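Letter by letter, the chains look like this.
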There are 2 protein chains.
Amino acid sequence: MTLIDLRRLRAFIVLAEEGHVTRAAERLGIQQPPLTRLLQGLEAELGVLLMHRLPRGVQLTEAGKVLLEEARIILARADGVTDLVHRAARGELGSLAVGFTSSAALHPFVPKALRAFRESLPHVSVTLEEAGTAELVDALMHERLDAAFIRSPVGRTPGLRIDALLEEPMLVALPVGHRFAIDTRSRLLLTELATEPFILYRRTAGPGLYDTILTACREAGFSPVVAQEAPRLTATLSLVAAGYGISLVPASMQRLGGEDIVYRAVAGSSKLIAPLLLAMRQSHPAPALAQLRGLVQRMVVSQRAIT
Amino acid sequence: MTLIDLRRLRAFIVLAEEGHVTRAAERLGIQQPPLTRLLQGLEAELGVLLMHRLPRGVQLTEAGKVLLEEARIILARADGVTDLVHRAARGELGSLAVGFTSSAALHPFVPKALRAFRESLPHVSVTLEEAGTAELVDALMHERLDAAFIRSPVGRTPGLRIDALLEEPMLVALPVGHRFAIDTRSRLLLTELATEPFILYRRTAGPGLYDTILTACREAGFSPVVAQEAPRLTATLSLVAAGYGISLVPASMQRLGGEDIVYRAVAGSSKLIAPLLLAMRQSHPAPALAQLRGLVQRMVVSQRAIT
DNA sequence: AATTTTGATACTTTTAAGGTATGACATTGA
DNA sequence: TCAATGTCATACCTTAAAAGTATCAAAATT
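Residues numbered from 1 in each chain as written. Chains lettered and ligands numbered in written order. Predicted model: local features only at pLDDT ≥ 70, side-chain atom pairs only at ≥ 80, totals over all residues. Heavy atoms only, no water.

J.: Looking at this structure, I do not really get the overall build of chain A. What am I missing?
T.: Within chain A, the secondary structure is distributed over 10 helices and 12 strands. In terms of C-alpha radius of gyration, chain A reaches 32 Å, well past the compact-globule figure of 19 Å for 307 residues. Each of the three principal axes of chain A carries a C-alpha extent, and together these read 105 × 35 × 30 Å. With 307 residues in all, chain A has 51% of them scored as buried. The long-range share in chain A, meaning contacts at least 24 apart out of those at least 6 apart in sequence, stands at 74%. Accessible area of chain A: about 14700 Å², with a carbon and sulfur share of 53%. Across chain A, the centroid of the 34 positively charged side chains sits 3 Å from that of the 30 negatively charged ones. (Helix = DSSP H or I, 4+ residues; strand = E, 2+ residues; numbered from the N terminus. Rg over C-alpha atoms; globule rule 2.2 N^0.38 Å. Buried < 20%, exposed > 50% of the residue type's maximum accessible area, 1.4 Å probe, protein only. Contact = heavy atoms within 4.5 Å. Areas by Shrake-Rupley, 256 points an atom, 1.4 Å probe, with all protein chains shown as cover. Lys, Arg positive; Asp, Glu negative; His and termini not counted. Charge placed at Lys NZ, Arg CZ, Asp CG, Glu CD.)

Below, the structure is given as structure tokens:
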């Protein structure tokens, strides 16, 4: 069973247009006998007469007319394939799965970058997913994600490439009315927090920030009193707002918490810095990922120029 | 330039599904090396890497994923071609151009047949055209029409095949108030019309009926006084209604003319008969035409059974 | 009736696809 | 670490399919 092939469909279209085997062969750059056999081959395979043989020339049968229409559609599509594939290779087409942690999502840079990407490459369908750092890393390694915005350096992760995008200081988040929440202009010394109850968000969800806080406190000479662990950064702030304790959060969180939380800068530690990172697989990056990466890098450069 | 062919697209799909050259080759019933070359050939032609070569197996690139999607669409369409062409050859698909004269259009059989055809073969797109007999015959010969409902035997017409469908008597159409229009039950003798002014519709538009009337009158021993010629049968009846004269029209016209025209049967001539015919080309009938013809024949048989 | 036009057929040559054997490379297990 | 294994790539040969050449057959036109 040598099913229909495009070579014959192409020839058939020319033949139908010319209505004349010899002339069509000429236009196709072949001789007349092969073209005749080509038509015969099509007819034999389809089991249908495609052209009436007239004394001068040939003429489409109804079946032939239907085949002609269909052949044109198929060939147009087939001819479009090259361009489509090229665009996919350039990353202008295709799909991209991007993940982010809840804390990354709260950094204004992330939605800004995603929006800019969507606008610059509208034909790439972007899938978004929010999850904890561990899940994101796992998804990256198992090809369920192509890239992820995260906040923690996650130690050695073989097979991952991590771009450092931005850094920001961490601030103390205090409930309104807290004794440290009166003078909000000056920096608070980290050691002053030694006896305060801390709200931290689960280490499993985001080990990076958790460890950053613990390391900074240890260097300042104390081990923080962890009053409660929250499943997400937003939950942490809710607990702070409710007065259950204080926390240390990335500066970009300031816009959250409304009037119930007061933020203050911290002095006494050079480690209290929250990075924003873009993680991806090292091998076989999707072309659209290269585009995203380039876009993000350019945005980072212009962001730094402003700050 | 050996553009993309379906054989390779088929192989590519299997290869993509298996993710494994050797296994895919097995499924395709070929050896591994040809399949490898096949993939290489596609990549060379498209100028794009379609699969990453992993230590165990292969894996689609983004470009490969796009090609896979597109290939599936193209092949589905290509595989559908056979069925489509078969249906076209059986006359279940395609197009049919049908003409009719104004007088044929007024016979209830014609719209009934066209509606039945549309219902039985909804995928055949039917084009309708009303014109004079001469134009219809010309259109048939020049392939602008496939069939035409006409009323006149049009003498010898080489290349045409004509099916006689139905016959009906011709009636005298009289304006209300005419002296012959009082007794409508009895037959009027043709000779009684010898001195009446006749309205006939143009010979060029429909030579058949015109000649039928003239022949019948001559046989009855007179030559009719043609008061006026009308371009169409409906115009003829309008003129009769307005009192400009009388006419002889097919019996099925009775439903026209409303209350202004009285119809009476005629005695004294066996020639005053109007046929309904279906004309078509003798050579290369469209398959859908064969379907129409069969349908019409069946309808004629059941019609005659009733009458 | 002869000539021309045009598609069909028989046979040969060329090209492309498929098969066989083997290599290169990387992973895995002892 | 080295051999065994799995897997795609390459080289070379064989087979099959497409194209070319020469010629025929049928029908129409002069």
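That shown, we press on.
J.: Would you take a moment to explain the relation of the copies chain A and chain B for this structure?
T.: Between the two copies of this chain, the relationship is a rotation about some axis together with a displacement along it. Rotating chain A by 180 degrees and translating it 0.0 Å along the rotation axis places it on chain B, where the RMSD comes to 0.1 Å. As the rotation angle and translation indicate, the two copies are arranged about a two-fold axis. A share of 100% of the interface residues of chain A reappears at the interface of chain B, consistent with the copies meeting face to face through the same patch. (Least-squares fit on C-alpha atoms with pLDDT ≥ 70 in both.)

J.: How do you make sense of the protein's contact with DNA strand D when you look at a structure like this?
T.: Taken together, the neighbourhood of DNA strand D is formed by 22 residues, with A:Gln31, A:Arg37, B:Gln32, B:Thr36 and B:Arg53 sitting nearest. Close to the protein, within 4 Å, the atoms of DNA strand D are drawn from sugar and phosphate at a rate of 69%. A distance of 2.9 Å is found between a phosphate oxygen of DNA strand D and a backbone nitrogen or oxygen belonging to A:Gln31. Between a phosphate oxygen of DNA strand D and a side-chain N or O atom of B:Thr22, the distance comes to 3.0 Å. For the surface near DNA strand D, the secondary structure elements donating two or more residues are helix H3 (32–46) of chain A together with helix H2 (21–28) and helix H3 (32–46) of chain B. Classifying every residue of the surface near DNA strand D by side-chain character gives nine nonpolar, seven polar and six charged. (Near = heavy atom within 4 Å. Polar contact = N/O pair within 3.5 Å; in protein donor to acceptor, adjacent residues only side chain to side chain. Nonpolar A, V, L, I, M, F, W, Y, C, P; charged D, E, K, R; others polar.)

J.: Please clarify how the environment of B:Asp163 should be interpreted in this entry.
T.: The residue B:Asp163 is located in strand S6 (residues 160–175) in this model. With 115 residues separating them in the primary sequence, B:Asp163 and B:Leu278 have C-alpha atoms 5.0 Å apart.

J.: Would you mind showing me how to read the pattern of salt bridges here?
T.: Note that side chains of opposite charge can pair when their charged atoms are close. All names here are of chain B. Scanning the model with the defined rule gives 40 salt bridges over all chains in all. Here Glu43 makes a salt bridge to Arg53, at a shortest N to O gap of 2.9 Å. Here Glu43, found in helix H3, pairs with Arg53, found in strand S1 (residues 51–53); they are 10 residues apart in sequence, far enough to count as distant. Lys271 is the partner of Glu219 in a salt bridge, and the nearest nitrogen-oxygen pair spans 2.6 Å. Within this pair, whereas Glu219 is found in helix H8 (residues 207–219), its partner Lys271 is found in the loop between strand S12 (266–267) and strand S13 (273–281), the two being separated by 52 residues in sequence. Assessed through its relative accessible area of 39%, Lys271 is described here as partly exposed. (Salt bridge = Lys/Arg side-chain N within 4 Å of Asp/Glu carboxyl O.)

Function-wise, these values are silent; they only describe arrangement.
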